[in-house]
Amino acid sequence: MQNKKIIRRKILLLGAYAVGKTSLTQQFVEGTFTQEYLSTIGVNIKHKTIESDDFILNLLIWDIADIVTHQNIPDSYLQGADGLMLVYDLSRVNTYKRITAEYQGFLLKNHKMPTIVVGNKTDLEVDPEQGDMIDELTNIKTSAKTGDNVDQAFQLLIDKFMFKNALEGNQLS
Ligand code: G3D
Ligand code: MG
């Protein structure tokens, strides 16, 4: 039997305070949701292994605290990143505006980085200010609380960077 290739990839979660970055990571990695105080200081790194028909993916998930993203994101956080998940809270539309306002420079500098926009907290009432434009720019909507679409959101990002790797003819490594 052919040995499967083991590949390592790193993704970053960015977004305003309390949009659910840590909860999404926890739901994806551990399949649980805790209402306890989960506030993140600095960066919280989680690991998950995903096996497909062709390879074993060792995924490192960097969940970055808002306190860091208020300032510049340290280069070391970005080093070797393969994908970016930008998270906002569907019940607080200003958290979407924060993504565009705070990360604009960063996103321009890293425009080739596979990126998805996630609207989290589908279990809550959507902010009435949420317009069609934001809706269209959202790749996927999730609830870290119920688990709805959480795996699919991470899979969407994984598909994006794996597809980019394949397009660029990169060897899996
Ligand atoms: P952050 O890591 O982006 O700062 P957290 O966000 O994951 O710490 O979540 C912030 C708060 O939102 C937490 O509540 C958490 O339980 C809640 N939360 C996260 N995701 C969801 C969701 O999908 N639905 C609902 N209803 N709540 C969610 P507390 O009360 O601890 O502040
Ligand atoms: Mg957090």
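Everything that follows concerns the structure shown earlier in this document.
Only a predicted model underlies this, so the values are computations on that prediction, with no experimental measurement involved. (Residues numbered from 1 in each chain as written. Chains lettered and ligands numbered in written order. Predicted model: local features only at pLDDT ≥ 70, side-chain atom pairs only at ≥ 80, totals over all residues. Heavy atoms only, no water.)

Colleague: Any details on the environment of Leu 137? Residues and values, ideally.
Modeller: The topology assignment puts Leu 137 in helix α5 (residues 132-137). Sequence separation between Leu 137 and Gly 119 is 18 residues; the distance between their C-alpha atoms is 9.8 Å. Leave out the neighbours within four places in its chain, and Leu 137 touches Tyr 96 and Val 117. (Helix = DSSP H or I, 4+ residues; strand = E, 2+ residues; numbered from the N terminus. Contact = heavy atoms within 4.5 Å.)

Colleague: Can you tell me about helix α1 (residues 21-30), naming the residues and giving the values?
Modeller: Taking burial as the measure, the 10 residues of α1 include eight buried ones, the bulk of the element. Looking only at α1, the buried set comprises Lys 21, Thr 22, Ser 23, Leu 24, Thr 25, Gln 26, Gln 27 and Phe 28. (Buried < 20%, exposed > 50% of the residue type's maximum accessible area, 1.4 Å probe, protein only.)

Colleague: Can you break down the nonpolar core residue by residue, with the values?
Modeller: Membership of the largest hydrophobic core comes to 24 residues, with the highest contact counts inside it found for Leu 59, Met 85 and Phe 154. For this core, the secondary structure elements donating two or more residues are β1 (5-15), α1, β3 (55-64), β4 (83-89), β5 (115-120) and α6 (150-167). For this core, the element with the most residues is α6, which contributes seven residues. Leaving out residues up to four positions away in the same chain, Met 85 has contacts with Leu 12, Leu 13, Leu 14, Ile 116, Val 118, Ala 153, Phe 154 and Leu 157. (Core = buried A, V, L, I, M, F, W, Y, C linked by side-chain atoms within 4.5 Å.)

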